[in-house]
Amino acid sequence: MTHRTVTAPEPTVVPGERPPTGAQAELLRTGMDTLHHADPELAALLDAEVEQQNSTLAMIASASTADPTVLAVGGAALSNVTAEGYPGARYHPGARQFDEVERLAVERAKQLFGARYANVQPHSCSSANLAVLSSLLRPGDTLLGLDLDAGGHLTHGSRASVSGRHYHAVSYGLDDRGLIDFAQVAELAREHRPRVLIAGASAYPRTVDFARFREIADRVGAYLLADISHIAGLVAAGLHPSPVDVAHLTTTSTYKQLGGPRGGLILAGRDFDAPGPDGRTPLHRLMQRAVFPQSQGTPSPASIAAKARAFAVAAEPAFRETAELIVADARALAAELSALGHRILTGGTDNHMVLMDVTGTGLTGVTAERALEECGILANRNRIPGDTRPPLVTSGLRLGTNILAQRGMGPAQMRACAQLLHLVLTGTHLVSDTTYRIDPALVTTVREEVRWLCARNPLPIDTDASTPVSLIGVGP
Ligand code: DSN
């Protein structure tokens, strides 16, 4: 067995400047050191999580790995500040730094997305969506969004969410090719005259034509809300058409593809001062109120600081290079899986996501997910169009390449990933819809191969990767 040590990157110190030994750095160090003595149980869990992230192949489409600086900022003492309101208009004293931090985050968000307005306070994109909906709709008003089973999101009108219970939610779906059925969107919009049309998805591997959505929205006098949670990194990098100047409002989570902290963001471009439903109040003012005080109280200052840091990281050329790799990897992964005989929905992908029908392997989505996890590969079950299995079982898998690309893995390594997926899926036997049988020797072999691939392609957070030998030679 060969071993390799990956050295952690040296902190960048500009000559003449103080090294990073400021009060905040000391506090973080002291905190972590103390935690190991004060609460070893919790510290061990946190350490195990880092180990797990280093040594598993995470293909969760809604995840990415935050830069260590983003993680550090998220743990800042700024978190101790309680200050409702917005910069310069707080309801508590002591927010001088926080005001500056929030202004910085807002400016960086606007810069990154070419927006005229940004609200960085939403605690998640779900909160952002609900804030937008509650300011544009009255209870019982109609909204039109992508059906959850077709790849939509809970907050786009699902009955399981308040978005589908407080409002009259109508859903559009996909056509025979698995693409957004724009004829149906237009027809439903004509019939139901929604006040809000939502463009965006949780499980959709193709480019979203925001301009076409806007045409439909304009025809019926609806506001267009674009939820770019899954593709925000590609949008920021210019690799997916931006809805910011097309939609009235755009929302995103900051952790999925932006590599930021848990949180959400509301953006507006060209229409930032278009009138709200009362015909007077501009959208940007409506959004300020919609977040605070209408749907949230105290913001999360350290998370907002971490957002500011993430937006700066996303503006760097390296982020675009990773985004390019994300798309190239997803295309290669889809092609390899297809060549191995698996059905890939829509025949491929334009973004970071590959949707796979696992019924050809005899498995269900949940058994495929669990067998893969046992082997060190993370991908989540997903319903596929026409799925007859319940949401906790499903017939599909959703794969994503954000983290693979962040590891520096390219299309060449996607062959290895596809082969590992194939080995597990074809080597697992269904016992019931939710249980399976797999040869322990196969688990050991694939786990070792996964560790080998991970060690060869370490995450930025991996400071001591050792490289086991490839046993079955799936690697490059
Ligand atoms: N919306 C969920 C997903 O797409 O996986 C979690 O963020």
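Residues numbered from 1 in each chain as written. Predicted model: local features only at pLDDT ≥ 70, side-chain atom pairs only at ≥ 80, totals over all residues. Heavy atoms only, no water.

1. Re the overall build of the protein chain
Move 1: When you go through the protein chain residue by residue, the secondary structure sums to 16 helices and 17 strands.
Move 2: A principal-axis box enclosing the C-alpha atoms of the protein chain has dimensions of 70 × 60 × 35 Å.
Move 3: Looking at the protein chain residue by residue over its 476 residues, the buried ones come to 54%.
Move 4: Roughly 20500 Å² of accessible area belongs to the protein chain as shown, and the carbon and sulfur atoms make up 53% of that amount.
Move 5: Averaged over its 42 positive side-chain charges, the protein chain has a centre that lies 6 Å from the centre of its 48 negative ones. (Helix = DSSP H or I, 4+ residues; strand = E, 2+ residues; numbered from the N terminus. Buried < 20%, exposed > 50% of the residue type's maximum accessible area, 1.4 Å probe, protein only. Areas by Shrake-Rupley, 256 points an atom, 1.4 Å probe, with all protein chains shown as cover. Lys, Arg positive; Asp, Glu negative; His and termini not counted. Charge placed at Lys NZ, Arg CZ, Asp CG, Glu CD.)

2. With respect to the site of the ligand
Move 1: Surveying the vicinity of the ligand reveals the residues Ser-62, His-153, Ser-202, His-230, Tyr-255, Lys-256 and Arg-398.
Move 2: A distance of 2.7 Å is found between an oxygen atom of the ligand and a side-chain nitrogen or oxygen belonging to Ser-62.
Move 3: A distance of 2.8 Å separates an oxygen atom of the ligand from a polar atom in the side chain of Tyr-255.
Move 4: Protein contact buries 69% of the 240 Å² of open area that the ligand shows by itself.
Move 5: Its residues placed into classes, the shell around the ligand shows one nonpolar, four polar and two charged. (Near = heavy atom within 4 Å. Polar contact = N/O pair within 3.5 Å; in protein donor to acceptor, adjacent residues only side chain to side chain. Nonpolar A, V, L, I, M, F, W, Y, C, P; charged D, E, K, R; others polar.)

3. Structural notes on the environment of Ala-58
Move 1: Summarising the element assignment, Ala-58 is placed in strand β1 (residues 57-58).
Move 2: Under the relative-accessibility criterion, Ala-58 is labelled buried at 13%.
Move 3: Among all residues touching Ala-58, those that are not within four sequence positions of it are Leu-378, Gly-400, Ile-403 and Leu-404. (Contact = heavy atoms within 4.5 Å.)

4. Points about the packing of aromatic side chains
Move 1: According to the stated counting rule, one finds four aromatic pairs in the structure shown.
Move 2: Centre to centre, the rings of Tyr-86 and Phe-292 are 6.4 Å apart; their planes meet at 75 degrees, and the pair counts as edge-to-face. Note that Tyr-86 is positioned in strand β2 (residues 85-86) and Phe-292 in the loop between α10 (283-291) and α11 (301-314), a separation of 206 residues in sequence.
Move 3: For Tyr-86, a relative accessible area of 12% corresponds to the buried category.
Move 4: Consider the rings of Tyr-172 and Phe-213, whose centres lie 5.7 Å apart with planes at 50 degrees: the pair is tilted. With Tyr-172 in strand β6 (residues 168-172) and Phe-213 in helix α8 (residues 210-220), this pair connects stretches of sequence that are 41 residues apart. An identical accessibility class is assigned to Tyr-172 and Phe-213; each is buried.
Move 5: An aromatic cluster is present here, built from Tyr-86, Tyr-91 and Phe-292 joined pairwise through their rings. (Phe/Tyr/Trp six-rings, centres within 6.5 Å; stacked < 30°, edge-to-face > 60°.)

5. Remarks on the nonpolar core
Nonpolar side chains tend toward joint burial in soluble globular proteins.
Move 1: Counting residues in each nonpolar core, the largest one holds 55 residues, and the members touching the most others are Phe-113, Tyr-172, Leu-197 and Phe-213.
Move 2: When residues in this core are grouped by element, the largest group, seven residues, is from helix α4 (residues 96-113).
Move 3: Each residue touching Phe-113, except ones within four places of it in the same chain, is listed here: Ile-228, Ala-232, Val-235, Ala-236, Val-244, Leu-258, Leu-265 and Leu-267. (Core = buried A, V, L, I, M, F, W, Y, C linked by side-chain atoms within 4.5 Å.)

6. Observations regarding the sheet that holds strand β12 (residues 353-357)
Neighbouring strands of a sheet are bound in pairs by backbone hydrogen bonds; such pairs are parallel or else antiparallel.
Move 1: Here four strands make up an open sheet; going across it, the order is β11-β12-β15-β14 and the pairing antiparallel. Both outer strands of the open sheet, β11 (343-344) and β14 (380-382), are each paired with one neighbouring strand and no more.
Move 2: Across five bridges, β12 lies against strand β15 (residues 396-400) in antiparallel orientation. Paired with Val-354 across the two strands is Leu-399, which belongs to β15. (Pairing = 2+ DSSP bridges.)

7. So, helix α5 (residues 125-136)
Because each turn of an α-helix spans 3.6 residues, side chains separated by three or four positions in sequence point in the same direction.
Move 1: In this model α5 runs 16 Å from its N-terminal to its C-terminal C-alpha over twelve residues, within 8% of the 16 Å that 1.5 Å per residue would give.
Move 2: Listed as buried for α5 are Cys-125, Ala-128, Asn-129, Ala-131, Val-132, Leu-133, Ser-135 and Leu-136.
Move 3: Structurally, the start of α5 carries an N-cap: the backbone nitrogen of Ser-126 is 3.3 Å from a side-chain oxygen of Ser-124. (Expected span 1.5 Å × (residues − 1).)

8. A few points about unusual backbone geometry
Move 1: Backbone torsion omega between Phe-292 and Pro-293 reads 10 degrees, so that peptide bond is classified as cis.
Move 2: Counting through the fold element by element, Pro-293 comes out in the loop between α10 and α11.
Move 3: Not every positive phi belongs to a glycine, and Arg-193 is a case in point at roughly 45 degrees.
Move 4: Of note, Arg-193 is situated in the loop between α7 (182-192) and β7 (196-200).
Move 5: Positioned with a positive phi, Thr-394 is a non-glycine residue whose angle comes to about 65 degrees.
Move 6: Structurally, Thr-394 is set in the loop between β14 and β15.

9. Concerning the side chain of His-156
Move 1: When you line up the elements, His-156 lands in the loop between β5 (142-146) and α6 (162-165).
Move 2: Engagement of the side chain of His-156 in a polar contact is seen with the side chain of Asp-227, the distance being 2.8 Å.
Move 3: Look past the residues within four positions of His-156 in its chain and what remains in contact with it is Asn-129, Leu-143, Gly-145, Leu-146, Ser-163, Ile-198, Gly-200, Ala-201 and Asp-227.

10. Structural notes on the environment of Met-32
Move 1: For Met-32, the position within the fold is in helix α1 (residues 23-38).
Move 2: A relative accessible area of 40% places Met-32 in the partly exposed class.
Move 3: Between the alpha carbons of Met-32 and Ala-43 there is a distance of 8.1 Å; along the sequence they are eleven residues apart.

11. Describing the packing of helix α15 (residues 411-427) against helix α16 (residues 440-456)
Move 1: At their nearest, the axes of α15 and α16 sit 11 Å apart, and the two run at 165 degrees to each other. Looking at the two axes, α15 sits roughly antiparallel to α16. Two packed elements cross with a definite hand, and for α15 against α16 that hand is left-handed. Side by side, α15 and α16 meet where Ala-416, Leu-420, Leu-423, Val-424 and Gly-427 of the first sit next to Leu-442, Val-446, Glu-449, Val-450 and Leu-453 of the second.
Move 2: Class assignment of the residues belonging to the contact of α15 with α16 gives a composition of eight nonpolar, one polar and one charged. (Axes fitted to C-alpha atoms, helices over the stretch in contact; angles between N-to-C directions. Parallel < 35°, antiparallel > 145°, perpendicular 65-115°, else oblique. Left-handed = near helix turned anticlockwise from the far one by under 90°.)

12. Examining the sheet that holds strand β10 (residues 264-268)
Move 1: Pairing within the open sheet is mixed, and its seven strands lie in the order β4-β10-β9-β8-β7-β5-β6. Of all strands in the sheet, those bounded by a partner on one side alone are β4 (117-119) and β6. Taking the axes of each pair of neighbouring strands and ignoring which way they run, one obtains an average angle of 20 degrees across the sheet.
Move 2: Bridge count between β4 and β10: three bridges; the pairing is antiparallel. In the sheet register, Tyr-117 faces β10, and the bridge partner there is Ala-268.

In short, shape yes, function no, at least from these values alone.
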